[in-house]
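One-letter residues, chain by chain:
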Amino acid sequence: MTNNTKPLILGVTGASGLIYAVRALKFLLAAEYHIELVASKSTYTVWQAEQEIRMPGEPDKQEQFWREQAGVPAQGKLRCHPWSDVGAGIASGSFRTLGMIIMPCSMSTVAKLAGGLSSDLLERAADVQIKEGRKLVIVPRETPFSLIHLRNLTTLAETGVRIVPAIPAWYHNPQTIEDLVDFVVARALDQLDIDCIPIERWQGHL
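Here's a quick rundown of the structure. None of these values were measured; they are calculated from a predicted model.

**Overview of the side chain of Thr 97**
Examined against the element boundaries, Thr 97 turns out to sit in the loop between strand E3 (77–81) and strand E4 (99–105). Since its relative accessible area comes to 9%, Thr 97 is described here as buried. In terms of polar contacts, Thr 97 uses its side chain to reach the backbone amide nitrogen of Gly 99, at 3.1 Å. Among the polar contacts made by the side chain of Thr 97, one reaches the side chain of Gln 129 at a distance of 3.2 Å.

Next comes the structure, spelled out in structure tokens:
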């Protein structure tokens with residue numbers, strides 16, 4: 001079991017597919033990782049639209065909310081930040097991290113990061129990872145990609161950001177939606193050298 005002292009930042013935007021963030025939290029907390037979570041303002045709307053659930057805004061209540069959604073009541077360390085708190089620790093380059101993953105990542109967030117803009121804590125934290133040369137992984141959840149989307153993603157890739165689209169595989173014979181989601185989450189965490197999800201990896205032809 002991994003217990004890393006450096007925190008991992010998990011950003012959650014208003015893109016459809018909050019299950020990706022929930023499943024990531026489930027496995028990361030169970031593996032005793034320290035997670036600094038920041039959800040964008042539009043995430044509140046998506047929770048209401050996709051699950052008819054109200055996500056609380058207060059950090060302590062939001063921690064309980066995410067733990068309940070992930071089904072991990074006590075393991076690991078989770079600290080939640082208001083989207084507007086641009087003075088939080090994760091907004092500074094002096095705050096040491098394992099890196100950051102934005103999952104799911106909206107095209108609006110992609111555009112702002114590609115343009116060097118940061119209007120909230122999530123975007124600022126991501127901008128810090130880029131400027132400090134740290135690992136930043138984004139899981140875009142959109143289809144089809146427009147030429148503007150592709151150009152913005154290319155800009156980020158050229159700066160070293162790892163792009164892991166929410167595209168599942170089928171060779172592991174998935175039986176549930178969670179199987180499909182977990183494969184994407186595992187491949188995204190692979191980019192951070194984190195291996196805490198029991199997925200069936202390709203072993204070559206028999």
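**As for the packing of aromatic side chains**
The final tally for this structure, using the stated rule, is four aromatic pairs. Ring centres of Trp 47 and Trp 66 lie 5.7 Å apart, and the angle between their planes is 70°; this geometry places the pair in the edge-to-face category. Pair noted here: Trp 47 is in helix H2 (residues 41–51) and Trp 66 is in helix H3 (residues 59–70), with a separation of 19 residues, a long-range link. The two residues Trp 47 and Trp 66 agree in class, both being buried. Pairing Tyr 171 with Phe 183 gives two aromatic rings, centres 5.8 Å apart and planes at 85°, and the pair type is edge-to-face.

Parameters at a glance
Residues numbered from 1 in each chain as written. Predicted model: local features only at pLDDT ≥ 70, side-chain atom pairs only at ≥ 80, totals over all residues. Heavy atoms only, no water. Helix = DSSP H or I, 4+ residues; strand = E, 2+ residues; numbered from the N terminus. Buried < 20%, exposed > 50% of the residue type's maximum accessible area, 1.4 Å probe, protein only. Polar contact = N/O pair within 3.5 Å; in protein donor to acceptor, adjacent residues only side chain to side chain. Phe/Tyr/Trp six-rings, centres within 6.5 Å; stacked < 30°, edge-to-face > 60°.

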